[in-house]
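Structure at a glance
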Amino acid sequence: MEKAVNEGVRHQVRDGDGDGDGVRRSGTAGGAGGIWSGSWVAERLGVELVGDDRLTDLLGLALRRNPKRAHLLVSNVLGKHVPRSPSVVYGYGFELGRRVRDLLGPDEARRAVVLGYAETATGLGHSVADGLGLAPYLHSTRRPVAGLAPAGGFEESHSHATSHLLLPEDPALLTGDGPLILVDDEFSTGNTVLNTVRDLHERYPRRRYVVVALVDMRSPADAGRLAAFAGEIGARVDLVAAASGTVRLPEGVLEKGQELVARYEAENAATGDRSSAAASWPVARTAPTGPHPDDNRAHPHVTRIDLRWPAGLPDGGRHGFTPEHRARLEAALPSMAARLAAALPADARRVLVLGCEELMYAPLRLGRELEQVTDAEVRYSTTTRSPVLAVDDPGYAIRTRLVFPAHDDPADGPGERYAYNVAGAGFDAVVAVVDSAADTPGLHAPDGLLAQLAAHTPQVLLAVVPSYAPETPHAPERPSMLPEPLRGPDFSSYAPEEVGWLLQDLSDVTLEAPTEEREEAIQSGGAHYAESLPVEYQPTEQYQELFHAALEDSAARIAQAVGVVTETVLAERSPRPVLVSLARAGTPVGILMRRWAQHRHGLDLPHYAVSIVRGRGIDANALRWLAEHHDPRDVVFVDGWTGKGAITRELAQALEEFEKSDGVTGFDPEIAVLADPGSCVRTYGTREDFLIPSACLNSTVSGLISRTVLRADLVGPHDFHGAKFYRELAATDVSVTFLDAVCARFPEVADAACAQAKELLAADRSPTWEGWAAVERISEEYGIHDVNLVKPGVGETTRVMLRRVPWKVLARAVAGSDLDHVRLLAEQRGVPVEEVADLPYTCVGLIHPKYTRGATGADGKAVTV
């Protein structure tokens, strides 16, 4: 991709550059009687906001239970937690959009696309798009749609599951080369934005990005990351914010904040959660069985308002919102607001328009229009899934909270939802605006949102916006017969009964590229790692000797782990499971599990190998073949080991999407692994991080099969993913040698394996995700800021040395012989090995974080030539 002329980060703020001499602590919108709505937290925890003069006008403080950050910055102008004039809320976003338009100039502004973040910034992002003018808008979502394939997805750094999906109705929305505007309410560490850009730039590279936020609250340590990232991908990144500053935290603030939250929560539990300071209104004791055409009959304090929302007009940017949609909405808003105004009580003086989680923009625009046609004071806010402590003090940003069950059938399951600063605010009427997907019996239940609102206001109005459901493209007709699995000796050096490969043979295609060339292409976003293959490592005589020594030392330990995981599967999952290995690291383990079941129980289990690709999911055609030939409930997915759990999450997401697209249920995303040092799964043979000899080599210990390939010109919509069979490497093949050496130890470890499996079956094996946490910490400590470049564990470190461009190896100081082969590879490639005393893994491999072929040394910096 052509490098932008002007690289790096441009930072614009309205009032200064963040180097002010402090902030005011009074007279803010979030407080009362001239008291800053962050003073309660500031006084008790010593938290300081430092930056622009207007920072405390924009932000208050609250507390939440969170292992990483106890305090919460509460925006006074976002319309999420603090009810505010909808004109003010909309005005902030619209003005930021105007500033982006001025920054880009008319030509680039016309080609821009705006992306907002769910749930908090969906309305803000849409308002920015309005200010920009002609830009289409899309926001991320946590609500998947059956049959609609994601155009992207990314994770919040603290999450163990993919949190955000991008589901544009028109995928071309993200494929242009115009600027991408990313909008969030708060820019603190930059992790979420970098995760997004990294994912999208890999798929749809472009030359310019603009990050927009109400407040830029990065610490000095985080301030340079965006600029470094911009240089890394060769794009220009600008930053536009309404105000900037930072949060100063005293030593021990996290523990002190957690103690404070725990104490107040205990007091609330003892006295009953004081959700409100307002007088209670009668609440209906019966709830309708579903939405009723006349809610006055179903709920005495709720009146349903027919907005006459224009047919086919999207309710927001979940699937894209174009300038044509914007024109239709503008034309319809006056009449819809008039219907709301006519339904308000004649004496209403204070009215709240309340949106629902991601549905922020439609209620914001309705509230702003209502402000123009009524004499009542109109305020706007939305419900949220974020739990925050409520303290009834004028110096605290969250005075009251209403708690109610989720009512929109969320994809991540049931849970509590909240409305803040609504109870006790003196509203004469509340207009609840939800989309039709959220207009469920749960909404109308005795403990639902409507009943909670009716307890604190004399009039509740319900306005339902039709949920926009894009027409999903009809799946093309698939061949009635998918090909039969490939088997040895025609494909792989394994016996035909050991494994069937649900792959296509690409042995005659040249796919190998030099490791350095592949690394540069992958890190620059020019290619996906699954589109090519590394040149197969040819082990030296010394390295082969290490392999055989390691196999001799570890065969019994591996055999016992094989027994433990197989016995666990037979006891918990299925008495006759169908083993499906994730190619290729899982394949030797799947064969060993099959052999254990035969040795110990006389079972002849079917075993297949399928492809799964990080960022692309599992081979859907392989799943279709399995569903046609076996009961999906019997399928057990098998892998070699866990590192940080990326494939665990990838499989869960892919199976969820497959169930929605194909309607096939029953596949269990729980992976069975030989070793789980990352604590990412429940079914494992061991959680120790030791040398598994099948990780020492590439194809020559995996049936002479390459890692899998997914490239559009080679793999069509009706094809299995591809792989190569390296017949020419038969002279150095040790695949069967490895299997036989481990199986020879089955008799001596059988009793111990069965006893250990029984102990594990009775124990709590819930994943702790310690590996993910450790990887995040290492990524930050070593300045990498990309968890995909940190490969934990002996197996993953070996892969780094054999397939990627390694930067350095972190080794536990007492690792011993488990690392002999890693040390040899490091010596051969000139990679430093750093001893670390408290490393949670035996070793961790770090991929060169800023690799180009002009890069030198171990500092990860590229040399300009």
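Residues numbered from 1 in each chain as written. Predicted model: local features only at pLDDT ≥ 70, side-chain atom pairs only at ≥ 80, totals over all residues. Heavy atoms only, no water.

A few words now on the overall build of the chain. Helix and strand counts for the chain stand at 24 helices and 33 strands. Sorting the 865 residues of the chain into buried and exposed places 59% on the buried side. Of the roughly 32,900 Å² that the chain leaves accessible, carbon and sulfur atoms contribute 49%. (Helix = DSSP H or I, 4+ residues; strand = E, 2+ residues; numbered from the N terminus. Buried < 20%, exposed > 50% of the residue type's maximum accessible area, 1.4 Å probe, protein only. Areas by Shrake-Rupley, 256 points an atom, 1.4 Å probe, with all protein chains shown as cover.)

All chains considered together, the criterion is met by 42 salt bridges. Arg111 is the salt-bridge partner of Asp177, the closest N and O atoms lying 3.0 Å from each other. With Asp177 in the loop between strand E8 (164-166) and strand E9 (180-187) and Arg111 in the loop between helix H4 (106-110) and strand E5 (113-116), this residue pair connects regions lying 66 residues apart in the sequence. The partly exposed category is assigned to Asp177, whose relative accessible area is 46%. The class for Arg111 is partly exposed, based on a relative accessible area of 36%. Salt bridges sharing partners connect three or more residues here, namely Glu108, Arg111, Asp177, Arg208, Arg236 and Asp238. (Salt bridge = Lys/Arg side-chain N within 4 Å of Asp/Glu carboxyl O.)

It is worth spelling out the nonpolar core at this point. Formed by 124 residues in total, the largest nonpolar core has its most connected members in Trp501, Ile618, Phe637 and Phe738. The element that contributes the greatest number of residues to this core is helix H16 (residues 541-572), accounting for 13 residues. Apart from residues lying up to four places away in sequence, Phe637 is in contact with Val580, Leu582, Ile618, Leu623, Leu651, Leu655, Phe667, Asp668, Glu670, Ile671 and Ala672. With 116 residues, the next largest nonpolar core counts Trp36, Ala135, Val261 and Leu364 among its residues. (Core = buried A, V, L, I, M, F, W, Y, C linked by side-chain atoms within 4.5 Å. Contact = heavy atoms within 4.5 Å.)

Let's shift gears to the confidence of the model for the chain. Looking at the chain as a whole, the pLDDT averages 83, with 85% of positions reaching at least 70. Low pLDDT, under 50, characterises residues 1-30; the stretch is placed with 93 contacts to residues that sit more than four places away or in other chains. Taken as a whole, residues 157-162 scores under 50 in pLDDT and shows 16 contacts with residues more than four places along the chain or in a different chain. (pLDDT = per-residue confidence, 0-100.)

The five strands are arranged E12-E18-E17-E13-E14 in an open sheet whose pairing can be described as parallel. With one partner strand each, in any of the chains shown, strand E12 (302-305) and strand E14 (377-383) form the two edges of the open sheet. Going from strand to strand, the sheet's axes swing by 25° on average, the running direction of each strand aside. Note that strand E17 (residues 429-435) and strand E18 (residues 460-465) share six bridges and pair parallel. If you follow Val430 over to E18, its bridge partner there is Val460. (Pairing = 2+ DSSP bridges. Axes fitted to C-alpha atoms, helices over the stretch in contact; angles between N-to-C directions.)

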